[in-house]
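Here is what each chain is made of, one letter per residue.
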Amino acid sequence: MSIMAAGGVFAETLTIAIVNNGHMINMQKVAQAYTAQTGVELKWVSLEEGVLREQVTSDTATGGGQYDIINIGMQEAPIWGAAGWIEPLNFSAGYDVNDILPAMRNGLSHDGQLYAAPFYGESSMVMYRKDLTDAAGVSIADNDSWTNVKAAAAAIHDPDNGVYGACLRGKPGWGDNMAFITTVVNSFGGAWFDADYRPVLDSPEWNAAINFYVDLLSNYGPPGSEGNSFNEILALYNEGKCGMWIDATIAASFLEVDGVAYAQSPNAGNPVGANWLWAWAMAIPAGSPNAEAAGKFIEWATSKDYVKAVGNHPEFGWGSVPTGQRASTYAIPEFQAAAGFAAAELAAIDSAAPEATELKPYVGVQFAAIPEFPEVGSAVAQEMAAALSGAKSVEEALAASQKAADSIMKEAGYYD
């Protein structure tokens, strides 16, 4: 779609579907300068994470043409690129694609071709109130045991004064509650599928992990946790209601309370897969009539210059720049001075192991990089929320999960 700009020159309008997380919301203000420079108008469609995934997947798969630029992640980018659903991305030499952290570049590529550019990247880590743990006489170490983490949550849990020991994702979705839950399962030695891609959700490892998760959150989490994902918990944390939060490293950019400290993700004996790897990235649906203009905007929005624009923006600053995508960001003195979480975040990203296949046949930490995973993960997510709310026992929820996953994988032809 084009509009007539001043002087009779045609300027394009780009419709951009974004997840309603902080960095994306900030981009809408920073990008006003892009429109001023180029004349390209930007129409933003900001959606909650689960809704975004549903709408973008449906529109892209059917060639609906509703969006010029879409937010997707590591689960979709290689698969959609191979299927021809999204355009390959090729940028100018000045973009410096080699500055993108290898974990992010590899996770958003297929056969060496980049199909989505990372707006920000993340792993997961523990963000806890050190003032509360110190007062309670407990500590949380890097890669601590889940037993010690639970003990720390119990020690700082003070619901009478509005403080909950642990705030964790419970809202159903393959990228919502299952992102965190899968890392717990991984750390207990579990996996989604065996070597033949048969679901193994009825395993002792899943049972132990989910019982632990439900017990921890039921006893030391806020009420209604089955409705909480990233944004809900961020709000609780900034209200001073969370003693501990294990979630995306990017959250550290938005924490406003004092006394926060960071630790690498806990595990129950298997450190591989205890912390996830993800990027919210920007891609162009195949056949977009505005593909050239979309590519130029993505190049700008994921560039070194964009990071500097946020750092120098009067409403944001260096503590609010998108992180986890470019190595050069971590070398900027102003960023280092403003971001006390930087070292912990980078350590988590560097230690994530999506290609580790000792316990699993698939690529991915908190997801499986196969086309069927969103359907499998979404079905299981509903069952895990039911277990957390008390509507089902853990054993009932896992049995239903196994049945649903088995049906999906059989239907897809993985086995008879």
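Structural notes, computed from the coordinates. (Residues numbered from 1 in each chain as written. Predicted model: local features only at pLDDT ≥ 70, side-chain atom pairs only at ≥ 80, totals over all residues. Heavy atoms only, no water.)

**So, the nonpolar core**
Met 27, Trp 192 and Phe 297 are the most contacted members of the largest nonpolar core, which totals 136 residues. In terms of residue count, helix 9 (residues 204–220) provides more of this core than any other element does, eight residues in total. In contact with Met 27, not counting residues within four places along its chain, are Ile 18, Trp 44, Phe 119, Met 282, Phe 297, Ala 301 and Tyr 306. (Core = buried A, V, L, I, M, F, W, Y, C linked by side-chain atoms within 4.5 Å. Buried < 20%, exposed > 50% of the residue type's maximum accessible area, 1.4 Å probe, protein only. Helix = DSSP H or I, 4+ residues; strand = E, 2+ residues; numbered from the N terminus. Contact = heavy atoms within 4.5 Å.)

**Structural notes on the pattern of salt bridges**
Going through the model one piece at a time under the given rule, you end up with 15 salt bridges. One salt bridge in this structure joins Lys 130 and Asp 134, with 3.0 Å as the shortest N-O distance. One end of the pair, Lys 130, and the other, Asp 134, are both in helix 6 (residues 130–136), four residues apart, so they sit about a helical turn from each other. By relative accessible area, Lys 130 is classed as partly exposed at 38%. (Salt bridge = Lys/Arg side-chain N within 4 Å of Asp/Glu carboxyl O.)

**Re the packing of aromatic side chains**
Considering all chains together, one arrives at 27 aromatic pairs under this definition. Where Phe 193 meets Tyr 197, the ring centres are 5.9 Å apart and the plane angle is 40°; that geometry is what we call tilted. Neither residue differs from the other here; Phe 193 and Tyr 197 are each classed as buried. Consider the rings of Tyr 330 and Phe 335, whose centres lie 5.6 Å apart with planes at 90°: the pair is edge-to-face. In terms of burial, Tyr 330 and Phe 335 fall into one category: buried. Three or more aromatic residues joined by ring pairs make a cluster, and in this case those are Trp 174, Trp 192, Phe 193, Tyr 197, Trp 206, Trp 278, Trp 280, Tyr 362, Phe 367, Phe 373 and Tyr 414. Arg 53 extends its terminal NZ or CZ atom over the ring of Trp 174, reaching a point 4.2 Å from the ring centre. Sitting above the plane of the Tyr 415 ring, Arg 198 keeps its charged end 4.2 Å from the centroid. (Phe/Tyr/Trp six-rings, centres within 6.5 Å; stacked < 30°, edge-to-face > 60°. Lys NZ or Arg CZ within 6 Å of the ring centre and 35° of its normal.)

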